[in-house]
Amino acid sequence: MTPAMKIAVSILSADFTRLGAQIAECEAGGADWIHIDVMDGHFVPNITLGPVIVEAARRATRLPLDVHLMIEAPERYLEAFAAAGADRMTVHQETCPHLYQTVQQIKALGKRAGVALNPGTPAATLSEVLTEVDMVLAMTVEPGFSGQKFMPHTLRKVRQLHEQKVALGAAYDIQVDGGIDPATAPLAAQAGATVMVAATAIFKSGGVIAEAVRRLRRSAEEHDRGPG
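For the structure given in this document, a descriptive report is provided here.

A closer look at the nonpolar core
Then comes step 1: Judged by nonpolar contacts, the single largest core of 65 residues is most densely connected at I11, I36, V67, L69, M89, M196 and I202.
Then comes step 2: Of the residues forming this core, the biggest block, five residues, is contributed by helix α8 (residues 209-222).
Then comes step 3: Discounting chain neighbours no more than four positions away, the residues touching V67 are I36, V38, V54, F81, A86, R88, M89 and T90.
Then comes step 4: Counting residues in each nonpolar core, the second largest holds five residues, with A8, W33, M135 and V197 among its members.

Here it is in structure tokens:
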């Protein structure tokens, strides 16, 4: 049975003067998670959000908060983000020399643990932790900025992660992030992705935010015929 598709709306492209209202619009459109991109200006060339924004989002919604930590030494900040209201925390393989330990630290805080891979990082680097994680995030652009163009070659990694999931009998979600819109979401769904992260396609669509969420879901679900 194909798992239900989840839509994780990234607030990176939101209007922060209307953050609470825009999160509410996403929720009205059927978003499953609110995705919060945390960048430190070191691991990626941008500085974005911190625990204060997570706290604000927590007050604005009951939806799960999916916090993507694009930062060096994320283990130093896990407790702060957990306390701020994060439900899920995803760290990067590239920043965690003790990845198994960091995953266990997230789980010990009572949160869902995810691991992200940059486009140039092989899926095989996660072979020792796949049975421990709740989610693997395959970046479909180089991390750092919203609005980038989707990299089609990353779909090979999504397929590999799906194949490993089936072989292990595992239940982790496969998330894709970067350039996801109604045109690219079906490609990711067909490759095995179960969670779509979108920012520009939701907040910069030129239309109603709630309808943009619904349109993205329709595009993914109507074309989700499983990996091929």
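Quick word on the pairing of strand β6 (residues 135-139)
Then comes step 1: Within β6, five of the five residues are buried, which leaves the element mostly enclosed by the surrounding structure.
Then comes step 2: The alternating pattern of β6 places M135, L137 and M139 and V136 and A138 on opposite faces, both of which are buried.

Quick look at the pairing of strand β4 (residues 88-92)
Then comes step 1: Within β4, five of the five residues are buried, which leaves it mostly tucked inside the rest of the structure.
Then comes step 2: Here β4 shows two buried faces, one formed by R88, T90 and H92 and the other by M89 and V91.
Then comes step 3: With helix α3 (residues 78-84) bridging strand β3 (residues 65-70) and its parallel neighbour β4, the resulting β-α-β unit is right-handed.
Then comes step 4: Bridge count for β4 against strand β5 (residues 112-117) is five bridges, and the pairing is parallel. Directly across from R88, in β5, lies its bridge partner R112.
Then comes step 5: Where the polypeptide runs from β4 across helix α4 (residues 99-108) and back to β5, its parallel neighbour, the crossover connection is right-handed.

Some words on the packing of helix α1 (residues 19-28) against helix α2 (residues 51-60)
Then comes step 1: Between α1 and α2, whose axes approach to 9 Å, the crossing angle comes to 55°. Judged by the inter-axis angle, α1 sits oblique to α2. At the point where α1 passes α2, the crossing takes the right-handed sense. Here α1 contributes L19, G20, I23 and E27 to the contact with α2, which in turn contributes I53, A57 and A60.
Then comes step 2: For the contact of α1 with α2, the class distribution of residues is five nonpolar, one polar and one charged.

What counts and what doesn't
- Residues numbered from 1 in each chain as written.
- Predicted model: local features only at pLDDT ≥ 70, side-chain atom pairs only at ≥ 80, totals over all residues.
- Heavy atoms only, no water.
- Core = buried A, V, L, I, M, F, W, Y, C linked by side-chain atoms within 4.5 Å.
- Buried < 20%, exposed > 50% of the residue type's maximum accessible area, 1.4 Å probe, protein only.
- Helix = DSSP H or I, 4+ residues; strand = E, 2+ residues; numbered from the N terminus.
- Contact = heavy atoms within 4.5 Å.
- Right-handed = clockwise from strand over helix to strand, strands pointing away.
- Pairing = 2+ DSSP bridges.
- Axes fitted to C-alpha atoms, helices over the stretch in contact; angles between N-to-C directions.
- Parallel < 35°, antiparallel > 145°, perpendicular 65-115°, else oblique.
- Left-handed = near helix turned anticlockwise from the far one by under 90°.
- Nonpolar A, V, L, I, M, F, W, Y, C, P; charged D, E, K, R; others polar.

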